[in-house]
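Understanding the architecture of this molecule
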Amino acid sequence: MMLDLFADAEPWQEPLASGAVILRRFAFREAPSLIEAIAAVAAQSPFRQMVTPGGYTMSVAMTNCGQLGWTTDQHGYLYSPVDPLTGRRWPPLPEVFTSLCHRAAIAAGYADFQPDACLINRYAPGSKLSLHQDKDEPDLRAPIVSVSLGLPAIFQFGGLRRNDPLKRLLLEHGDVVVWGGESRLFYHGIQPLKAGFHPLTADCRYNLTFRQAGKKE
Ligand code: SIN
Ligand code: FE2
């Protein structure tokens, strides 16, 4: 474990699709601060398992930070400035989130990305995210920046149609996936998390998903 913590992890890039790239270990150095900041956000707006409009309780626990947060109600999915659980605004984006996301967006070729929303997903063993498109955002020119922390997970990345062939990629601690442009609406998901232990997150995986969910000023 110690070896893993102090491993010299120079980031490298793997092209994924047109407009999409995996920045391997890009968030490795910031990871401890990112994980601390997740705890601070969750102290204000706790993790909760949301219920889909169809009445299904999601296996992934979620919270948000930023001006807007992704949530569900009985009518559908929406971005809201207010956390429906607390009745207050979502906590602001921590500085360490904004700076990491900014650098990742530049590295992936999306220099003018200005996220106003960050969804924080927490996966326990067995949690999964079925194949879906991120399409609740009004401005699809902005990419998605997705940061993996803690236990590894298998990410599925397909195409514009649900039944397009899927790539299956192991996302590990510190990996950042950025997709936009031609792949902005590509189907993706997370296979059920395998049980394990990570020195920084114990028995879970976190994912930060940065988005521009409002209109750009
Ligand atoms: C998502 O699609 O919202 C999350 C993907 C992930 O957990 O890596
Ligand atoms: Fe997604």
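Residues numbered from 1 in each chain as written. Chains lettered and ligands numbered in written order. Predicted model: local features only at pLDDT ≥ 70, side-chain atom pairs only at ≥ 80, totals over all residues. Heavy atoms only, no water.

Thoughts on the coordination of the iron ion (ligand 2)
Let me state the cut-off plainly: Metal-coordinating donors are taken as N, O and S atoms lying within 2.8 Å of the metal, or within 3.2 Å when the metal is Na, K or Ca; because water is left out, some sites can appear incomplete. Geometry assignment treats four donors as tetrahedral when all angles are between 85 and 135 degrees, treats four as square planar and six as octahedral when opposite donors are over 155 degrees apart and all others between 65 and 115, and treats everything else as irregular. Each residue is placed in one exposure class: buried if its accessible area under a 1.4 Å probe, protein chains only, is under 20% of its type's maximum, exposed if it is over 50%, and partly exposed if it falls in between.
The protein atoms that coordinate the iron ion (ligand 2) are His132 (NE2), Asp134 (OD) and His188 (NE2), at distances of 2.1 to 2.2 Å. For the iron ion (ligand 2), the four donor atoms are set out with angles of 88 to 176° between them, so the coordination reads as irregular. Owing to a relative accessible area of 5%, His188 belongs among the buried residues under this scheme.

A word on the sheet that holds strand β6 (residues 117–123)
Convention followed: By definition, two strands form a pair when at least two bridges between them are found by DSSP. Here a strand is any run of E in DSSP of at least two residues, a helix any run of H or I of at least four, and the numbering for each starts at the N terminus. Axes here mean lines fitted to C-alpha atoms, for a helix over just the part in contact, with angles spanning 0 to 180 degrees between N-to-C directions. The contact criterion used throughout is that any non-hydrogen atoms of two residues lie within 4.5 Å.
With antiparallel pairing, the seven strands of this open sheet are ordered in space as β1-β2-β11-β8-β13-β6-β3. This sheet does not close on itself; its edge strands, each paired only once, are β1 (12–17) and β3 (61–66). Each adjacent strand pair in this sheet contributes to an overall mean axis angle of 20°, direction not counted. Looking at chain direction, β3 and β6 are connected through six bridges and run antiparallel. Note that in β6 the partner of Gly66 across the bridge is Ala117. Of the strands in this sheet, β3, β6, β8 (144–150) and β13 (205–211) are in contact with helix α2 (residues 31–44), which crosses β8 at around 95°. Docked against the sheet, helix α3 (residues 95–107) engages β1, β2 (20–24), β3, β6, β8, β11 (176–179) and β13, running at close to 120° with respect to β8.

Focus on the side chain of Arg48
The cut-off we apply is this: Any pair of nitrogen or oxygen atoms within 3.5 Å is treated as a polar contact; in protein, a donor-acceptor pairing is required on top of that, and neighbouring residues in sequence qualify only through side-chain atoms on both sides.
Summarising the element assignment, Arg48 is placed in the loop between α2 and β3. Among the polar contacts made by the side chain of Arg48, one reaches the side chain of Asp83 at a distance of 2.8 Å. With sequence-adjacent residues up to four places away left out, Arg48 is seen in contact with Val60, Ala61, Met62, Thr63, Asp83, Pro84, Leu85 and Trp90.

Quick notes on the UniProt feature "binding site: 2-oxoglutarate" (unreviewed entry) in the chain
Selection criterion: UniProt positions are given in the numbering used here, feature names are shortened, and annotations may be inferred rather than shown by experiment.
The feature "binding site: 2-oxoglutarate" (unreviewed entry), as annotated in UniProt, sits at Asn121, Arg122, Tyr123, Arg205, Tyr206, Asn207, Leu208, Thr209, Phe210 and Arg211 in this numbering. Within the secondary structure, Arg122 is located in strand β6. In contact with Arg122, not counting residues within four places along its chain, are Phe47, Val60, Ala61, Cys204, Arg205 and Tyr206. Inspection of the secondary structure puts Leu208 in strand β13. A relative accessible area of 0% places Leu208 in the buried class. The contact partners of Leu208, leaving out residues within four places of it in the chain, are Leu34, Ile38, Phe97, Cys118, Leu119, Ile120, Val145, Ser146, Val147 and Leu149.

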